[in-house]
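Descriptive analysis of the structure
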Amino acid sequence: MKNIVIFGAPGSGKGTQSDLLVEKYGFKHISTGDVLRAEIKNETELGKTAKQFIDNGQLVPDSLIIDILAATYDALGQCEGVIFDGFPRTIPQAEALKAMLAERGTAVSAMLELQVPTEMLVERLVNRGKTSGRADDNEETIRKRLDVYESQTSPLISWYETEGLRNAVKGYGTLQEINDALCAIIDKL
Ligand code: AP5
Ligand code: MG
């Protein structure tokens, strides 16, 4: 059973590439952003709290997200592998993921980092905002999300490097080129 972290800034293509990997390998996909947006849609207590952070481009507090992560993971049951998309986003989350998997006798197999220049990220997300209906896909909030990524999430790059799990991939070009680069790494695991 493989546990793969797909990592990158907002708009780097984590969701897009996760869908392709699910199709190819039959992995299951946990996107914490999608989980939170479903909570918001269902107007749960968690959703109401999360909305205040998401709409401002801020991260939801670690304690909230770590709790739902374990429950979401356990609900998947047996499978070939799991892709974690948008989690972890802070060092405490990475430590919590490591501990959660260790308790279940498993571990992260690889971290796949999609590298995309900042202005390309803004352009992709502004474009997506025309149709996505996502409250955080407007230029002002996109730039805040990118700042939050720089300050709170990018330290995970060296954290995963130290763990010996980091694999960086060029995250622009055709979807197929990027997917081929990710598959080459996964096939070696
Ligand atoms: P989340 O939903 O995870 O959003 P994000 O990280 O900001 O990333 P996106 O989903 O916007 O981008 P993506 O990398 O998936 O790219 P995509 O494939 O869509 O999180 C949202 C919010 O929830 C956070 O801000 C936070 O508040 C909260 N949250 C979530 N997880 C959390 C956590 N762990 N802790 C705390 N808070 C958390 O692609 C983007 C666009 O580019 C698409 O239009 C796509 O078609 C296009 N595209 C993709 N690839 C290419 C390509 N190669 N060439 C051209 N266009 C491309
Ligand atoms: Mg996404």
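Going by the structure above, here's the rest.
These numbers were taken from a predicted model, which means no experiment stands behind them. (Residues numbered from 1 in each chain as written. Chains lettered and ligands numbered in written order. Predicted model: local features only at pLDDT ≥ 70, side-chain atom pairs only at ≥ 80, totals over all residues. Heavy atoms only, no water.)

1. Here we look at the overall build of the protein
Within the protein one finds nine helices and five strands. Walking the protein from its N terminus toward its C terminus, one meets helices and strands in the order β-α-β-α-α-α-β-α-β-α-α-α-β-α. Compactness check: the protein gives a C-alpha radius of gyration of 16 Å against a globular reference of 16 Å for 189 residues, within 12% of the reference. In terms of principal-axis extent, the alpha carbons of the protein reach across some 40 × 40 × 30 Å. If you take every contact in the protein between residues at least 6 apart in sequence, the share linking residues at least 24 apart comes to 76%. (Helix = DSSP H or I, 4+ residues; strand = E, 2+ residues; numbered from the N terminus. Rg over C-alpha atoms; globule rule 2.2 N^0.38 Å. Contact = heavy atoms within 4.5 Å.)

2. Let's talk about the sheet that holds strand β4 (residues 110-115)
Spatial ordering of the open sheet is given by β2-β3-β1-β4-β5, a layout of five strands whose pairing is parallel. Across the chains shown, the open sheet's two edge strands, defined by having one partner strand only, are β2 (28-31) and β5 (166-170). Averaged over all adjacent pairs, the angle separating strand axes in this sheet is 25°, with direction ignored. Pairing of strand β1 (residues 2-7) with strand β3 (residues 81-85), which is carried by five bridges, proceeds in the parallel orientation. Counterpart to K2 in the pairing with β3 is G81. Where helix α4 (residues 62-76) meets the sheet, it contacts β1, β2 and β3, and its direction lies at approximately 165° from that of β2. (Pairing = 2+ DSSP bridges. Axes fitted to C-alpha atoms, helices over the stretch in contact; angles between N-to-C directions.)

3. Some remarks on the state of the cysteines
Two cysteines joined by a covalent bond between their sulfur atoms form a disulfide. A complete count under the given rule lists zero disulfides for this structure. Here C79 is not cross-linked by a disulfide; its sulfur's nearest cysteine counterpart is in C183, at 17 Å. (Disulfide = S-S within 2.5 Å.)

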